[in-house]
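# Summary of the model geometry
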Amino acid sequence: VTEHIEDFGRLIAGDKSTWDRFVVRFAGLISAAVRRVVGPEGEVDDIAQDVFLRLCRDDFRLLRQFDPARAGITTWLTIIARSAAHDSLRRRRLAQQTLDETPESALAIDPVIPEIVKIPPGLLSPRQQLILTMLYDREMEVAEIADALAVDAQTVRSTHHKALLKLRAHFGKND
Amino acid sequence: MADPPFDRDPALARRWLDAAAALPAPDTPDALTLAAYAEGRLDDAAAAAVEAALAADPALLDALLTLRQPAETTIPSAALIQSAQALVGMAAGDSGGGQAAILPFRRNATDQRRPAIGSTRRWLAWGAVAAGLMIVSTAGFNLGMSTAEAFNPPAATDLTGDLLDPSGLAGDDSG
């Protein structure tokens, strides 16, 4: 439906038959992306319907934001569907959360904030930050990170090495 | 050039992660920018901004990692297709290919085809049925009366005349 620019034009102009074909073509992709977040027992159809509603409401405001020249429609729709599924989970969690389940620290009038060492914002480059996060916070392997960032494994190792050198220099200076 | 040694330093990385959590969160990229990043379509500066956000936002990183997995699709339910298609309906007087109207959420598609109560066509149909019933009942009544008269002809004597001129009755009595 959206490979051809004139089709996309008809879609956001509200052409009924183009919308119907769009729904048939992407309902499976959207359902799969939602299912990945909420699980097979979740309300997949309701959330997928919400995705379609988001796309077309307010005169197709969200769909108009899509630009076929910048990204593929399947990639973009997957992100939109995941976002809708996370919103749904968050709403359900908030609705179900009782006062008893709220941790005491959240209810404290003066919560105790641990003292945190300050670092300058630009200490590490964004890619160094991301690779450290994936290695140490997510505990991902070098090969997985390389796949995720579409770079080779050597680049991951090298970036990690340079990041550690910077951190050692910074914290060594300040200790 | 030889690979740099890959020595993990969890303690140092944890120190940085804790400190980085206190930094102001970078702007979250929109879905289209994240999709463009995932497809490798951003320039270095734009990609660095997305990577900074990915390092700081676990949900965003999850979204990217999902996009890196093989695309999934499921067979959507017929109910989802029907309800999603019904979100965009034909506007009044539109004969196709024109502007569409957004219908309320979860409206049944069959409801659109049902004519509204009070429409001219419905009233005309009911009027025709009522007129037909009147013609049939009048014809039936007349036919019944004719049959009754054929089997039960009215008496030859005109009793009314006797009542107006009682002399005739008196004559009978005398005979």
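See the structure above.
Throughout what follows, the structure given in this document is the object of discussion. (Residues numbered from 1 in each chain as written. Chains lettered and ligands numbered in written order. Predicted model: local features only at pLDDT ≥ 70, side-chain atom pairs only at ≥ 80, totals over all residues. Heavy atoms only, no water.)

A tally of helices and strands in chain B yields nine helices and two strands. In chain B, the order of α-helices and β-strands from amino to carboxyl end is α-α-α-α-α-β-β-α-α-α-α. When the 175 residues of chain B are sorted by exposure, 23% land in the buried category. For chain B, contacts bridging at least 24 residues in sequence account for 33% of all contacts bridging at least 6. With an accessible surface of roughly 11900 Å², chain B has 62% of that area assigned to carbon and sulfur atoms. (Helix = DSSP H or I, 4+ residues; strand = E, 2+ residues; numbered from the N terminus. Buried < 20%, exposed > 50% of the residue type's maximum accessible area, 1.4 Å probe, protein only. Contact = heavy atoms within 4.5 Å. Areas by Shrake-Rupley, 256 points an atom, 1.4 Å probe, with all protein chains shown as cover.)

In this section: the nonpolar core. Judged by nonpolar contacts, the single largest core of 84 residues is most densely connected at W19(A), F52(A), L63(A) and W76(A). Residues in contact with W19(A), not counting those within four places in the same chain, are L11(A), F52(A), C56(A), F60(A), L63(A), A84(B), Q85(B), L87(B) and V88(B). (Core = buried A, V, L, I, M, F, W, Y, C linked by side-chain atoms within 4.5 Å.)

Attention now goes to the packing of aromatic side chains. Residue and element names in this part refer to chain A. Summed over the entire model, instances satisfying the criterion amount to seven aromatic pairs over all chains. Between F66 and W76 the ring centres are 5.1 Å apart and the planes differ by 35°, which places this aromatic pair in the tilted class. With F66 in the loop between α3 (44–65) and α4 (73–96) and W76 in helix α4, this residue pair connects regions lying ten residues apart in the sequence. The burial state of F66 is the same as that of W76; both residues are buried. Taken together, the aromatic side chains of W19, F22, F26, F52 and F60 make up a single cluster linked through ring pairs. (Phe/Tyr/Trp six-rings, centres within 6.5 Å; stacked < 30°, edge-to-face > 60°.)

Take a nonpolar patch on the surface next. A cluster of nonpolar side chains, contributed by W123(B), W126(B), V129(B) and L133(B), occupies part of the molecular surface with about 530 Å² of accessible area. Among the secondary structure elements, W123(B) is positioned in helix α7 (residues 120–151). (Patch = residues over 30% accessible without salt bridge, like charges linked within 9 Å, V, L, I, M, F, W, Y side chains within 5 Å. Salt bridge = Lys/Arg side-chain N within 4 Å of Asp/Glu carboxyl O.)

So, about the interface of chain B and chain A. The interface of chain B with chain A comprises 68 residues on the first partner and 71 residues on the second. Summing both sides of the interface, chain B and chain A together bury roughly 6300 Å²; the carbon and sulfur share of this comes to 63%. Connecting chain B to chain A are four salt bridges. In this structure, E51(B) and R127(A) form a salt bridge, with 2.7 Å as the shortest nitrogen-oxygen distance. In this structure, the connection of chain B to chain A is made through 23 residue pairs in polar contact (both at pLDDT 80 or more). Of all the elements in the fold, those that place two or more residues in the side of chain B that touches chain A are α1 (10–21), α2 (31–38), α3 (44–56), α4 (58–68), α5 (78–85), β1 (88–90) and β2 (100–102) of chain B. For the side of chain B that touches chain A, the element with the most residues is α1(B), which contributes ten residues. Its residues assigned to classes, the side of chain B that touches chain A comprises 42 nonpolar, twelve polar and 14 charged. (Buried area = accessible area lost by both parts, 1.4 Å probe. Polar contact = N/O pair within 3.5 Å; in protein donor to acceptor, adjacent residues only side chain to side chain. Nonpolar A, V, L, I, M, F, W, Y, C, P; charged D, E, K, R; others polar.)

Worth remembering: the numbers are spatial, not functional.
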